[in-house]
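Topology and contacts: notes
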Amino acid sequence: PLNIDTNFQVVYLDKETLSYDSSTGVIDWAVKPSTRTDNYTSGVITDDIPSDQKLVDGSVTVKHKGTALSDAELAAVFTYAEPRLTFTFDKAKYALNDIEISFQTQALNFRNENMASHVYENEARIDVYQGAALKFQADDTAQRAFENKFLAKTSDYSVTDDPNGGPTRSRAFPPERR
C-alpha cells in the first residue's frame, strides 16, 4: 500500500558527513539549519560527539551567507563543553537559513577493528524559540562507515598478446594498400 505522509516541518536540520580520511580517521561533518517561518527570535543547535569520536581542535567553522565568521564572531555563537557543541543564533543577526556549520571529528576505533566496518554516527538537534518559549524542534543524524582495508586482497595483471612484448597483428585480414 502507498503511504503518503503529510507531515509539514517548520524547522529542518540537515546533517551530513561530507568526506573522511581512512588513513587518519578524520571525518568531516556539516550541519545546515533551515526554517519556513520568520516567527522566531533565536535558534540553538546542539551536537553531542559520541564516545567513539573526539572533536578535532580548531576545526569548527560557521558560515553566514557563505562567509566564515571571524574568531570573535564564532566565540559569540559557539561553545564546547565536552561532549556537546552548542551554537546559539539570534535571528536579528544570524537568520537560520543563512547558516552553515562544519567541523571534524577523529574516529577513535578505526585502526583497532579487524575484518569489520565500524559505523560512526553523529546527531544534531535544533531548538527554535520565540522569546523564551520553545516553538519548533528538529534533528538529523548522519553516518560514516570506515571499511577495513588492512586485510583486503588486491590483484594486478596485464595482458601481453605477443611473447616478444609487442602488439599482436591480425593475420585474418591483409593490410590495406594505398
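By convention here, each chain's residues receive numbers from 1 onward along its written sequence. Totals for whole chains, interfaces and linings use all residues, but because this is a predicted model, local features are given only for residues with pLDDT of at least 70 and pairs of side-chain atoms are given and counted only at 80 or more. Hydrogen atoms and water are omitted, and side-chain values are computed over all heavy atoms in the structure.

**Let's talk about the nonpolar core**
The line we're drawing: Here, nonpolar core refers to any group of buried Ala, Val, Leu, Ile, Met, Phe, Trp, Tyr and Cys residues whose side-chain atoms link them within 4.5 Å. For the exposure calls, accessible area comes from a 1.4 Å probe over protein chains only, and a residue counts as buried if that area is under 20% of its type's maximum, exposed if over 50%, partly exposed in between. Helical segments are the DSSP runs of H or I of at least four residues, strand segments are the runs of E of at least two, and each set is numbered from the N terminus. When checking whether two residues touch, look at their non-hydrogen atoms; a contact exists if any pair is within 4.5 Å.
Core analysis: the largest hydrophobic core is formed by 32 residues, its most contacted members being F87, F89, I101 and F103. Residue assignment for this core shows that the elements contributing at least two residues are β1 (11-21), β2 (26-35), α1 (71-77), β8 (84-90), β9 (99-107), β10 (118-130) and β11 (133-146). Those residues within four positions of F103 in sequence are excluded, and the remaining contacts are K15, I27, D28, W29, V31, D47, I49, L55, S59, V60, L85 and N122.

**Concerning the side chain of T37**
For clarity, the cut-off: Counting of polar contacts relies on pairs of N or O atoms within 3.5 Å, with two restrictions inside protein: one atom must be capable of donating a hydrogen and the other of accepting it, and residues adjacent in sequence are counted only when both atoms are side-chain atoms.
Among the secondary structure elements, T37 is positioned in the loop between β2 and β3 (42-48). Overall, T37 belongs to the buried group, its relative accessible area being 18%. Polar side-chain contacts of T37 include one of 2.9 Å to the backbone nitrogen of N39. Excluding residues that lie within four positions of it along the chain, T37 makes contacts with V10 and F136.

**Comments concerning the sheet that holds β10**
Test applied: Two strands are counted as paired when DSSP detects at least two bridges linking them. Here the axes come from fitting lines to C-alpha atoms, over the contacting stretch only for helices, and the angles between their N-to-C directions go from 0 to 180 degrees.
With antiparallel pairing, five strands are arranged side by side in an open sheet as β7-β8-β3-β10-β11. Looking at the sheet topology across the chains shown, the edges are occupied by β7 (78-81) and β11. The mean inter-strand angle of the sheet, taken between neighbouring strand axes irrespective of direction, is 15°.

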